[in-house]
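Below, each chain spelled out in residue letters.
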Amino acid sequence: MSEKKRCVIVGGADIGDYARVKQYLRADDAIVFCDSGLKHMEALGVKPALIVGDFDSHCNPHLDVETIVLPCEKDDTDTVFAVKTMVQRGYDDFLLIGVIGARLDHTLANLQSLAFLLRHGARGYLYDQNFVYTAIENETLTLTREVEWGIVSLFSMGDRAEHITLEGLQYPLTDGTIDCGFPLGVSNHIVAPTARITVGRGPLLVGWELPKLAGEE
């Protein structure tokens, strides 16, 4: 099995504690800054492999780095265009940061990009200040309890997600269904050392709570 190629997509939303983000970064990551995500570059202390944007919310820095200048009128957001570009370049492991913000429409688009990655043979993890999200289908996701009474929430990313089995959670489920019309899976809790989330047909969005950093309350 070939080693996964990972890229980090940086959007322009608030990142919060840069120390948290830095602990997830690796030296071999390909870092992609999307438009106003460039405001995080200095604080993160990383060099971009690619810059993407229509530069309607941040000026083009004209760095000696590959830069794709997009038109303002387009089908894809800057972030989604970056995701598609890096999939085309063979990356199959994605970390998305700075992509949950005040614009709910952009936040939803970025969450949907997790399903896009899933359907294209890749895996995406979307981080905010307190949670991480990914999408799964026809597989089992195992979570280690890192937070006492840690929150886990599940949402269908299509009409429905079927054949769901939840183990090690406060509210277990066997061969159940979660559809898009009722938030049945919100605010569950990990109660065992490990939890197992299995889904058959239909993409399932899974979000779980991150442990606090030293010094955080």
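Residues numbered from 1 in each chain as written. Predicted model: local features only at pLDDT ≥ 70, side-chain atom pairs only at ≥ 80, totals over all residues. Heavy atoms only, no water.

Participant: I would appreciate a short explanation of the pairing of strand β3 (residues 50-53) in the present structure.
Facilitator: Along any regular strand, the residues point their side chains to alternate faces of the sheet. Neither face of β3 is exposed, since L50 and V52 on one face and I51 and G53 on the opposite face are all buried. In the sheet, strand β2 (residues 30-34) pairs with β3 via 3 bridges, with the strands oriented parallel. Opposite F33, over in β3, you have I51 as the bridge partner. Sheet analysis places β3 next to strand β4 (residues 67-69), joined by 3 bridges and oriented parallel. The residue bridging I51 from the neighbouring strand is T67, located in β4. (Buried < 20%, exposed > 50% of the residue type's maximum accessible area, 1.4 Å probe, protein only. Helix = DSSP H or I, 4+ residues; strand = E, 2+ residues; numbered from the N terminus. Pairing = 2+ DSSP bridges.)

Participant: Before we go on, may I ask you to explain the packing of helix α3 (residues 78-88) against helix α4 (residues 104-119) in this structure?
Facilitator: For any two helices packed against each other, the geometry is given by the interaxial angle and the distance between the axes. As a packed pair, α3 and α4 sit with axes 10 Å apart at the nearest point and diverge in direction by 15 degrees. Relative to α4, the element α3 lies roughly parallel. Crossing handedness for the pair α3 and α4: right-handed. Contact with α3, carried on its side by T79, V80, V83, K84 and V87, involves A109, N110, F116 and L117 of α4 and no other residues of that element. Partitioning the contact of α3 with α4 into residue classes produces 6 nonpolar, 2 polar and 1 charged. (Axes fitted to C-alpha atoms, helices over the stretch in contact; angles between N-to-C directions. Parallel < 35°, antiparallel > 145°, perpendicular 65-115°, else oblique. Left-handed = near helix turned anticlockwise from the far one by under 90°. Contact = heavy atoms within 4.5 Å. Nonpolar A, V, L, I, M, F, W, Y, C, P; charged D, E, K, R; others polar.)

These figures come from the coordinates and say nothing about function on their own.
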